[in-house]
Amino acid sequence: MMICKTEAEVALMKESATLVSKTITEVAKVLKSGMTTLELDKLCAEFVKDHGAIPSFLNYRGYPHNICASVNDVVVHGFPDNEPLKEGDIVSIDMGVILNGWHGDHAYTFIIGDAADEAIKLVRVTKESLYKGVEKAIVNNRVGDIAYAIQEHTEIKNGYGVVRELVGHGLGKSLHEDPQVPNYGKRGTGTKLKENLVLAIEPMINLGSRDVYTDTDGWTVRTRDGKPSVHFEHDICVKKSQALILSDYSIIEAAEKANSNLNTSYY
Ligand code: MF3
Ligand code: CO
């Protein structure tokens with residue numbers, strides 16, 4: 001069942017999404033080689049709790065951490081660990097919160113220091129594809145229009161692998177609501193979008209083949225070919241002429257550009 005929100009609820013969901021953006025901004029300020037993703041997990045959980053919210057991933061279907069930290073060949077749902085990050089790592093940070101009963105859930109991918117040109121381009125194109133999808137999130141379009149826009153930019157135009165097993169989703173009082181939002185599909189097909197439907201749109205794009213597998217930990221999704229994968233996620237609200245983006249990359253990007261340990265050469 002698709003649940004459209006009231007204007008007041010959308011305003012609350014913007015607060016939830018923005019709190020995630022502020023949390024990822026804290027990561028953008030300190031991220032560098034030598035740090036561990038468990039340190040980031042702790043920082044994020046404390047920041048969220050200090051702001052009166054609950055980290056929503058912890059214990060969700062048994063997920064054992066506060067954030068997902070997906071490095072290089074990890075597509076999504078990577079466990080934070082004690083492994084120091086290193087130059088050239090591609091790090092996706094995905095975080096969810098519950099604030100005033102409403103979920104925020106979004107993700108951003110950082111590049112630490114010097115990285116391979118092909119990995120840097122993958123980050124740029126995946127972020128671009130997110131916005132191509134968001135552009136289609138308007139009233140009377142269909143889920144397939146968002147899906148195709150992402151697939152067209154990544155798979156068709158750039159030859160990347162679009163992960164099929166994981167999808168975006170509706171968001172609200174629950175972390176996952178209808179409809180599912182795949183990153184591949186046919187224009188003009190699928191659920192018709194209504195005003196004030198809130199969606200998490202989240203391209204997961206592989207440099208090589210689209211094939212993935214889940215580690216023995218039951219969560220960590222990796223590329224079969226071991227090549228890097230990139231993940232960006234925005235929370236958006238469907239509107240008549242232009243989607244309203246509830247999460248805020250501008251504060252993350254400002255911190256990212258100010259951190260000389262991060263690679264922002266694709267801007
Ligand atoms: N952004 C992911 C999703 O929407 C994060 C879920 S991780 C989990 O599915 F731990 F909460 F499952
Ligand atoms: Co999500």
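All figures in this text were calculated on a predicted structure; none of them were measured in a lab.

S.K.: Help me understand the sheet that holds strand E15 (residues 244–245) in this model?
M.R.: Adjacent strands of a sheet pair through backbone hydrogen bonds, lying either parallel or antiparallel. The five strands are arranged E8-E7-E9-E14-E15 in an open sheet whose pairing can be described as antiparallel. In this open sheet, the two edge strands, each paired with only one partner strand, are strand E8 (177–181) and E15. Bridging between strand E7 (residues 168–170) and E8 involves three bridges; their strand directions are antiparallel. Directly across from His169, in E8, lies its bridge partner Gln180.

S.K.: Whenever I open this one, helix H2 (residues 37–50) confuses me. Can you help?
M.R.: The α-helix advances 3.6 residues per turn, and as a result positions three or four apart in sequence lie on the same side. Compared with an ideal rise of 1.5 Å per residue, which puts 14 residues at 20 Å, H2 spans 20 Å between its outermost C-alpha atoms and is within 8% of the ideal. Here the buried face of H2 lies against helix H1 (7–30), strand E1 (54–55), strand E2 (67–71) and strand E4 (90–99). Of the residues one or two after H2, Gly52 is the one with positive phi, at around 75°.

S.K.: What's the story with the coordination of the cobalt ion (ligand 2) in this structure? I'm lost.
M.R.: Ideal donor angles around a metal are set by the shape: a four-donor tetrahedron calls for 109.5 degrees, a six-donor octahedron for 90 or 180 degrees. Donor atoms from the polypeptide that coordinate the cobalt ion (ligand 2) comprise Asp105 (OD), His169 (NE2), Glu202 (OE) and Glu233 (OE), at 2.1 to 2.3 Å from the metal. Every donor counted, the six donor atoms about the cobalt ion (ligand 2) form angles of 68 to 171° at the centre, which fits irregular coordination. All donors to the cobalt ion (ligand 2) come from one chain, and their sequence spacing reads D-x63-H-x32-E-x30-E. Taken together, the positions of His169 in strand E7 and Glu202 in the loop between strand E9 (198–201) and strand E10 (204–206) put the pair 33 residues apart, joining distant regions of the chain. The pair His169 / Glu202 is uniform in exposure class, with both members buried.

S.K.: Honestly, the sheet that holds strand E3 (residues 74–76) in this entry has me stumped. Any pointers?
M.R.: Pairing in this open sheet of three strands is antiparallel, and the strands run E3-E12-E11 from one edge to the other. In this open sheet, the two edge strands, each paired with only one partner strand, are E3 and strand E11 (212–214). The average undirected angle you get between the axes of adjacent strands in this sheet is 40°. Note that E11 and strand E12 (residues 221–223) share three bridges and pair antiparallel. Across the sheet, residue Tyr213 finds its bridge partner in E12, namely Arg222.

Definitions and limits used
Residues numbered from 1 in each chain as written. Chains lettered and ligands numbered in written order. Predicted model: local features only at pLDDT ≥ 70, side-chain atom pairs only at ≥ 80, totals over all residues. Heavy atoms only, no water. Pairing = 2+ DSSP bridges. Helix = DSSP H or I, 4+ residues; strand = E, 2+ residues; numbered from the N terminus. Expected span 1.5 Å × (residues − 1). Contact = heavy atoms within 4.5 Å. Donors = N, O, S within 2.8 Å, 3.2 Å for Na, K, Ca; no water. Tetrahedral: all angles 85-135°; square planar, octahedral: opposite > 155°, others 65-115°. Buried < 20%, exposed > 50% of the residue type's maximum accessible area, 1.4 Å probe, protein only. Axes fitted to C-alpha atoms, helices over the stretch in contact; angles between N-to-C directions.

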